[in-house]
Amino acid sequence: MALIVQKFGGTSVGSVEKIQAVADRVIAEHKKGNQMVVVLSAMSGETDKLTGLAQAVQNRPSSREMDMLLSTGEQVTIALLAMAVKERGVDAVALLGDQVSIHTDSTHTKARIKNIDSHLINEHLNSGKIVTIAGFQGVDDHGNITTLGRGGSDTTAVALAAALEADACEIFTDVEGVYTTDPNICTKARKINQICYDEMLELASLGAKVLDIRAVGLAKKYKVPVHVRSTFTDTIGTWVVDEDKIMESLLVSGITYNKNEARITIKKVPDRPGTASQVFLPISDAEILVDMIIQNTRDGHLTDMTFTVMRNDYERAMEIVTEIAQDIGAGCVTGDQHIAKVSIVGVGMRNHSGIASTMFHILSKEGINMMMVSTSEIKVSCIIDEKYTELAVRALHDAFALDKDNMPLEETN
Ligand code: ADP
Ligand code: ASP
Ligand code: MG
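Since we're looking at a predicted model, the values are computed, not measured. (Residues numbered from 1 in each chain as written. Chains lettered and ligands numbered in written order. Predicted model: local features only at pLDDT ≥ 70, side-chain atom pairs only at ≥ 80, totals over all residues. Heavy atoms only, no water.)

A. Structural detail: the packing of aromatic side chains. Per the stated rule, a full pass over the model turns up two aromatic pairs. Aromatic pair phenylalanine 8 and phenylalanine 172: ring centres 4.6 Å apart, planes at 10°, arrangement stacked. With phenylalanine 8 in strand β1 (residues 3–8) and phenylalanine 172 in strand β9 (residues 168–173), this residue pair connects regions lying 164 residues apart in the sequence. Taking relative accessible area as the criterion, phenylalanine 8 reaches 0% and is therefore assigned buried. On the basis of relative accessibility, which here comes to 1%, the residue phenylalanine 172 falls in the buried class. (Phe/Tyr/Trp six-rings, centres within 6.5 Å; stacked < 30°, edge-to-face > 60°. Helix = DSSP H or I, 4+ residues; strand = E, 2+ residues; numbered from the N terminus. Buried < 20%, exposed > 50% of the residue type's maximum accessible area, 1.4 Å probe, protein only.)

B. The pattern of salt bridges, seen in detail. The tally for this structure, following the rule as stated, stands at 24 salt bridges. In this structure, aspartate 24 engages arginine 88 in a salt bridge whose closest nitrogen and oxygen atoms are separated by 2.7 Å. One end of the pair, aspartate 24, is in helix α1 (residues 16–31); the other, arginine 88, is in the loop between α4 (72–87) and β3 (92–95), with 64 residues separating them in the sequence. Accessibility expressed as a relative area gives 31% for arginine 88, which makes it partly exposed. (Salt bridge = Lys/Arg side-chain N within 4 Å of Asp/Glu carboxyl O.)

C. Inspection of the site of ligand 2 at higher detail. The immediate surroundings of ligand 2 are formed by Ser41, Ala42, Thr47, Glu74, Phe136, Arg150, Gly151, Gly152 and Ser153. Between an oxygen atom of ligand 2 and a main-chain N or O atom of glycine 152, the distance comes to 3.4 Å. Calculation on ligand 2 without its partners gives an accessible area of 260 Å², and the protein chains cover 86% of this total. Considered class by class, the residues forming the shell around ligand 2 number two nonpolar, five polar and two charged. (Near = heavy atom within 4 Å. Polar contact = N/O pair within 3.5 Å; in protein donor to acceptor, adjacent residues only side chain to side chain. Areas by Shrake-Rupley, 256 points an atom, 1.4 Å probe, with all protein chains shown as cover. Nonpolar A, V, L, I, M, F, W, Y, C, P; charged D, E, K, R; others polar.)

D. Spotlight on the environment of valine 269. Relative to the assigned elements, valine 269 resides in strand β14 (residues 261–270). Residues valine 269 and valine 345, 76 residues apart in the sequence, show an inter-C-alpha distance of 33 Å. Among all residues touching valine 269, those that are not within four sequence positions of it are Thr275, His301, Leu302, Thr303, Met305, Ile328 and Ala330. (Contact = heavy atoms within 4.5 Å.)

E. Representation of unusual backbone geometry in the model. Looking along the chain, the bond that leaves valine 100 and enters serine 101 is cis, with omega of 5°. Looking at the secondary structure, you find serine 101 in the loop between α5 (97–100) and β4 (102–104). Although it is not a glycine, lysine 223 adopts a positive phi angle of roughly 55°. Within the fold, lysine 223 resides in the loop between α9 (213–222) and β11 (226–230). Using a relative accessible area of 55% as the deciding quantity, one classes lysine 223 as exposed.

F. Region of interest: α9. The complete set of buried residues in α9 reads Ala215, Val216 and Ala219. In an axial view of α9, the angular spread of the buried residues amounts to 100°, which keeps them on one side of the axis. On its buried face, α9 is in contact with α7 (153–163), α8 (197–205) and β11. Looking at the residues trailing α9, positive phi occurs at lysine 223, about 55°. (Arc of directions from axis to C-beta.)

G. Structural detail: helix α2 (residues 46–57). Here α2 is 12 residues long and its end C-alpha atoms lie 17 Å apart, about the 16 Å a rise of 1.5 Å per residue gives. Every buried residue belonging to α2 is among Thr47, Leu50, Thr51 and Ala54, and all of these are buried. The arc that holds every buried residue of α2, seen down its axis, measures 100°, which confines them to one face. Away from the buried face of α2 by more than 90 degrees, exposed residues Lys49 and Ala56 are located. Against the buried residues of α2 lie α3 (63–70) and α4. (Expected span 1.5 Å × (residues − 1).)

Structure below.
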């Protein structure tokens, strides 16, 4: 008998029929003698709809009340799935995050899981029930409902798999696994059979939303092998595992894009020690995350500073930066919300040169201007005009021959 955690995303539970199909799938596994914990997202579009309702009634809704609201989407699906399971003659129980309990810190709308009490779940499993659990939510030390941030149900599933020492953690979604790039914008995208945690962390952090980054981080920490697969077929998906379990390394494993960032430039910043911290401290105090930073010296005394923030933090960041620019005697502040970050990722890059220059060459051949560049040992990211995103992704996918099966390192060098 195995203990299996399965997570179904929004599109997988987007209608009553789909919830019934999930019930059939889960029951089939249960009938094999396995204990089943099922984590669900809200129905597709529901969390966006709730966000819209909040914005309609308050300009900047408090994050505590946002969590109270957003957590309701998952309550609907877990209750409906438990009902569908019972309708099919198998016992089930639906549990919210605070009933489990999934303890988090108090950072509303982006809370972090601190620990999970597995007692109640085990009790229900041992009495033969299928347990359906609301993804994306938890409870803080004061009993407040929290949410983990968009896409957070993946994190709930992996955290539960770790806490329950599950034999498998399966993430069911609307594509057949992790692809070389988003299959919805590049028809040549190819499913990756196995990928290591570090590569998946980079892909997730750079925009491949098929798996939430915190879920990958937890999977790596607790060594939970994760199987990302389709809700609608039985095909084997992608295994996210330890690097030493991977049979071969590819030079470039994947291409990602992210249209959620915005760029801010402060011109003519006095070039003296301390100005960077004067700029970035108030931004971090406002809990605004900064991604890329570039500083260009104009002459001996002045420098231009450019950085990116999440697009929904753009207006707040512009307000803060405009004020600071005046305080420190800098020039004007400009911004651009229509940018995209396109990245290539692969552990094979660690030992190979020339990958970044190939990327720059391909983008220039397509007439795409790079505004910013950043690199790590396993990725290269470029900021470009948002309107060229799809073109850039497809051109890079072709250039690195990612559509070809099993392209090991040696053959690409
Ligand atoms: P769910 O609702 O099941 O959590 P998501 O919408 O969060 O699903 O994630 C699945 C989507 O991720 C796919 O429909 C696809 O468009 C997108 N995606 C982006 N990059 C990739 C990638 N490299 N591989 C697979 N899917 C990707
Ligand atoms: N329902 C939440 C969202 O749409 C959480 C999730 O789906 O993972 O972001
Ligand atoms: Mg998701």
